[in-house]
Amino acid sequence: MTLTVGTFGTFDFDNAGLYEEYMELHPNVTIKENNVAQSAAYYQALQTRLAANSGLDDIQALEIGFIADVVRNHSDAFVDWSQEDNADELEGNFYDWKWGQASSEDGQVVGLGTDTGPQAMCYRKDLFEQAGLPTDREQVGALWSSWDEYLDAARQYQAAPGKPAGSAFVDSPASIFSSAVYQGDLAYNDEEGNPIPEESDGVESAWSYASQAAEEGLTANLSQFGDEWNAAFSNGAFATIACPAWMLGYISSQMGDAGAGLWDIAPLPGAAESASNWGGAWLGVPKDGENVEAAKDLVEWLTAPEQQVKLFTRTAHFPSSPQAAEDPEVVGAVNDYFSGAPTGEIFGESAANIQRTPIGPYDTQIQEAFTTALTDIASSGTAPDQAFENALEAAQQAIGG
């Protein structure tokens, strides 16, 4: 029997040896992964196949950016994990907020969680030292226990005569906005998942911090994931970046051996009161597939706490399971590349403090509207109040309002 797994980006089940291990345990099963590099292209194809009820893989990966759309509009196409005989055990394997994000209003659960993106703040120790800022991670964490303190540190960095010419404190206004917005009680939606960016406490506070940074020139104003942003990791164009667990691998891949020991990790500003998540995915099983029972078995195995521990210790994907996050191998994990930072402890505390902020099918478009408006402040001098109105207008257009 061949089981096909549709994924995007890098899930690392293969690199962590999990596919091979499962096939050794199940000699009658061959796993074939169908991977698409970009999540947007992956989801566009998935939507087409869902509409046609044809061409679906036995298992389909579901990213946080489109899980709300699947829950709202395509839940009937997937196995409902809440109806499995071991549903209580399965639910107990995941953080409440992770299980909840894949759940519909009537209780259907379309997928089991893989990784999460609990956030911290990565910083360049060498650049901090040149600017006269502390470099010890505990002192740095104390330096910015709130976003207001983070902006004060940014101003100190920008004014320091010793910092490299042209270096900014943070890579992009998006680092601030996209992290802080999920620390509110609401981000882009109300409790029913309806877009309400103009009323959200998370949007209001995140915009305040990010627009200040943009207006005062505290950011490098780089477009995240663009070529210039990628190059900037190595050329010292910024000293801090909002850092979900998976970002560590991204940074090390951009900088290579030359970056080892230059970076360290401190908690995200405000994380003691409310943490923030960026990223993460689920695995769903199309219920009309040819190998549904075998696919369910593979999904349960891949997402079980034991495998989540392996995925973190081997490839740095942080677990969506509290049992896995509390495993000694995870808790005790350190990252030598990031100056021996206790990554298991830092990201574990962040994950434990994440609250379930309502998400909706248009979150990606709404966030893009706000980050684009912040870029306009930084690059064109647009007044923050006008930029905010522009963002709301663009968001309404994106969601068809």
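Provided above is the structure to which this section pertains.
Our subject in this report is the structure included herewith. (Residues numbered from 1 in each chain as written. Predicted model: local features only at pLDDT ≥ 70, side-chain atom pairs only at ≥ 80, totals over all residues. Heavy atoms only, no water.)

Let us look at helix α13 (residues 292-303). Residues lying three or four places apart along an α-helix face the same way, a consequence of the helix completing one turn every 3.6 residues. Compared with an ideal rise of 1.5 Å per residue, which puts twelve residues at 16 Å, α13 spans 16 Å between its outermost C-alpha atoms and is within 8% of the ideal. Most of α13 sits inside the fold, with nine of its twelve residues counted as buried. Three or more residues of α13 are buried, namely Val292, Ala294, Ala295, Lys296, Leu298, Val299, Trp301, Leu302 and Thr303. (Helix = DSSP H or I, 4+ residues; strand = E, 2+ residues; numbered from the N terminus. Expected span 1.5 Å × (residues − 1). Buried < 20%, exposed > 50% of the residue type's maximum accessible area, 1.4 Å probe, protein only.)

Trp144, Tyr150, Phe169, Ile176, Phe177, Trp207 and Phe370 are the most contacted members of the largest nonpolar core, which has 48 residues in total. Of all the secondary-structure elements, those providing two or more residues to this core are β4 (112-124), α6 (125-130), α8 (147-159), β5 (168-170), α9 (173-180), α10 (201-215), α18 (363-380) and α19 (384-398). Take this core: its biggest share by element is seven residues, from α10. The next biggest cluster of nonpolar side chains, apart from the first, holds 47 residues, and it includes Tyr43, Ile67, Val71 and Ala294. (Core = buried A, V, L, I, M, F, W, Y, C linked by side-chain atoms within 4.5 Å.)

So, on to unusual backbone geometry. Of all residues except glycine, most have a negative phi; of all peptide bonds, most are trans. Of note in the backbone geometry, Asn53 takes a positive phi value of approximately 50° without being a glycine. Inspection of the secondary structure assignment puts Asn53 in the loop between α2 (39-52) and β3 (59-63).

A regular strand places its side chains on the two faces of the sheet in alternate fashion. In terms of residue burial, strand β1 (residues 2-8) counts as a mostly covered element, since six of its seven residues are buried. Pairing analysis gives seven bridges linking β1 to strand β2 (residues 30-36), with the strands arranged parallel. Looking at β2, one finds that Thr4 is bridged to Lys32. Since β1 and β2 lie parallel, the crossover through helix α1 (residues 18-25) that links them has a hand, and here it is right-handed. Here two bridges tie β1 to β3, and the two strands are oriented parallel to one another. Each bridged residue has a counterpart across the sheet, and for Val5 the counterpart in β3 is Ile59. (Pairing = 2+ DSSP bridges. Right-handed = clockwise from strand over helix to strand, strands pointing away.)

Judged by side-chain charge, Asp76, Glu105, Asp106, Asp185, Glu191, Glu192, Asp201 and Glu204 come together as a negatively charged surface patch. In this structure, Asp201 sits in helix α10. What makes Asp201 partly exposed here is its relative accessible area of 32%. (Patch = residues over 30% accessible without salt bridge, like charges linked within 9 Å, V, L, I, M, F, W, Y side chains within 5 Å. Areas by Shrake-Rupley, 256 points an atom, 1.4 Å probe, with all protein chains shown as cover. Salt bridge = Lys/Arg side-chain N within 4 Å of Asp/Glu carboxyl O. Lys, Arg positive; Asp, Glu negative; His and termini not counted. Charge placed at Lys NZ, Arg CZ, Asp CG, Glu CD.)

All chains considered together, the criterion is met by 40 aromatic pairs. Taken together, a centroid distance of 6.2 Å and an interplanar angle of 90° make the contact between Phe128 and Trp144 edge-to-face. Here Trp144 lies in the loop between α7 (137-143) and α8 and Phe128 lies in helix α6, a separation of 16 residues in the sequence. There is no split in this pair, since Phe128 and Trp144 are both buried. Ring centres of Trp207 and Phe370 lie 5.9 Å apart, and the angle between their planes is 70°; on these two criteria the pair is classed as edge-to-face. Remark: Phe370 occurs in helix α18 and Trp207 occurs in helix α10; sequence separation between them is 163 residues. With a relative accessible area of 7%, Trp207 lands in the buried category. By way of ring pairs, the aromatic residues Tyr123, Phe128, Trp144, Trp147, Tyr150, Tyr157, Phe169 and Tyr209 are connected into one cluster. It is Lys98 that lies over the ring of Trp282; its NZ or CZ is 3.8 Å from the centre. (Phe/Tyr/Trp six-rings, centres within 6.5 Å; stacked < 30°, edge-to-face > 60°. Lys NZ or Arg CZ within 6 Å of the ring centre and 35° of its normal.)

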